[in-house]
Amino acid sequence: MRFLRSSLEETEWQVLEATTARLGLNLAASKKPDVIILDLGLPDQDGLEVLKGLRKWTSAPVIIVSARGQESDKIAGLDAGADDYLTKPFGINELMARLRVALRHAERSPGDTPPVYEHEGLKVDLVARRVWLRKKEIHLSPLQYDVLAVLVRNAGRVVSQRQLMKEVWGESREVTSEAVRIFVYQLRHKIELDPVRPRCLKTEPGVGYRLEAPND
């Protein structure tokens, strides 16, 4: 993590470093950082248990960085309360972008999602339930809109398939992960100028989907 610390400090971040779970939890409690980068490979406790402990008392954004790249690991991290998950190796510029998004999201309370989302020609009005692409209104099915609305409310963050299924379909056992993929595929073909090279609705392989953060 030495490279990570030096890279962050070069961009004027103030960094507090802990090499054990115990020290990290103590630092988080005493210093109350704006964002937490958590490595799952800690010597004294599994990182997921640390995350669960953090989520009992803090809503600070947590970005997991880990060599564990299996789909089950990513889903477990997000379900435990992580805001994002980066698999090693990763570029420092990607981490910096994820940090900025996490901090912007943290500035808003959970019920304070901006009513209008705009990015790369896509505009979504959550109040009016209307959607435009390059100023031309597009029509979505009710379920397509519900999927998009969940992504808008979590813009900039990874939304797992499980989260989409729960928020859109509730506890229904009829919907499958394949059905979710089909809905996202259809949605992408309506809201992207080039569905093959999406600029708004990105896939996080093995985890879920991310609607890029809105234009500032």
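Look up a bit, the structure's there.
Calculation criteria
Residues numbered from 1 in each chain as written. Predicted model: local features only at pLDDT ≥ 70, side-chain atom pairs only at ≥ 80, totals over all residues. Heavy atoms only, no water. Helix = DSSP H or I, 4+ residues; strand = E, 2+ residues; numbered from the N terminus. Contact = heavy atoms within 4.5 Å. Areas by Shrake-Rupley, 256 points an atom, 1.4 Å probe, with all protein chains shown as cover. Lys, Arg positive; Asp, Glu negative; His and termini not counted. Charge placed at Lys NZ, Arg CZ, Asp CG, Glu CD. Pairing = 2+ DSSP bridges. Axes fitted to C-alpha atoms, helices over the stretch in contact; angles between N-to-C directions. 1 Å grid on protein atoms, 1.4 Å probe; cavity = no way out; pocket = protein on both sides within 12 Å on 5 of 7 lines; lining within 4 Å. Points joined across faces, edges and corners; volume = space filled by probe spheres on them. Nonpolar A, V, L, I, M, F, W, Y, C, P; charged D, E, K, R; others polar. Domains from an automatic or database assignment.

Draft legend 1. Summary view of the overall build of the protein. Helices and strands together make up the secondary structure of the protein, namely 8 helices and 10 strands. The principal-axis extent of the C-alpha atoms belonging to the protein is close to 50 × 40 × 30 Å. Taking the intrachain contacts of the protein between residues at least 6 apart in sequence as the baseline, contacts between residues at least 24 apart amount to 52%. On the protein, roughly 12500 Å² of surface is accessible, and the fraction owed to carbon and sulfur atoms is 49%. The protein carries 33 positive and 31 negative side-chain charges, and their two centres are separated by 1 Å.

Draft legend 2. Up close: the sheet that holds strand 3 (residues 84–87). On the basis of which strands lie adjacent, the open sheet formed by 3 strands has the order 1-2-3 and parallel pairing. With partners counted over all chains shown, the strands left at the sheet margins are strand 1 (36–39) and strand 3, one partner each. Mean inter-strand twist for the sheet, computed between neighbouring axes without regard to direction, equals 25 degrees. Sitting on the sheet, helix 5 (residues 92–106) is in contact with strand 1, strand 2 (62–66) and strand 3, with an inclination near 175 degrees to strand 3.

Draft legend 3. Up close: empty space enclosed by the protein. Applying the stated criterion across every chain yields a total of 1 cavity of 30 Å³ or more. Considering only enclosed or pocket space, the largest cavity measures out at about 50 Å³ in volume. As for the largest cavity, its lining consists of Ile-63, Asp-83, Asp-84, Arg-98, Val-101, Ala-102, His-105, Gly-156, Arg-157 and Arg-210. When grouped by side-chain class, the residues that make up the lining of the largest cavity number 3 nonpolar, 2 polar and 5 charged. The residue makeup of the lining of the largest cavity includes at least three contributed by each of domain 1 (2–107) and domain 2 (116–211).

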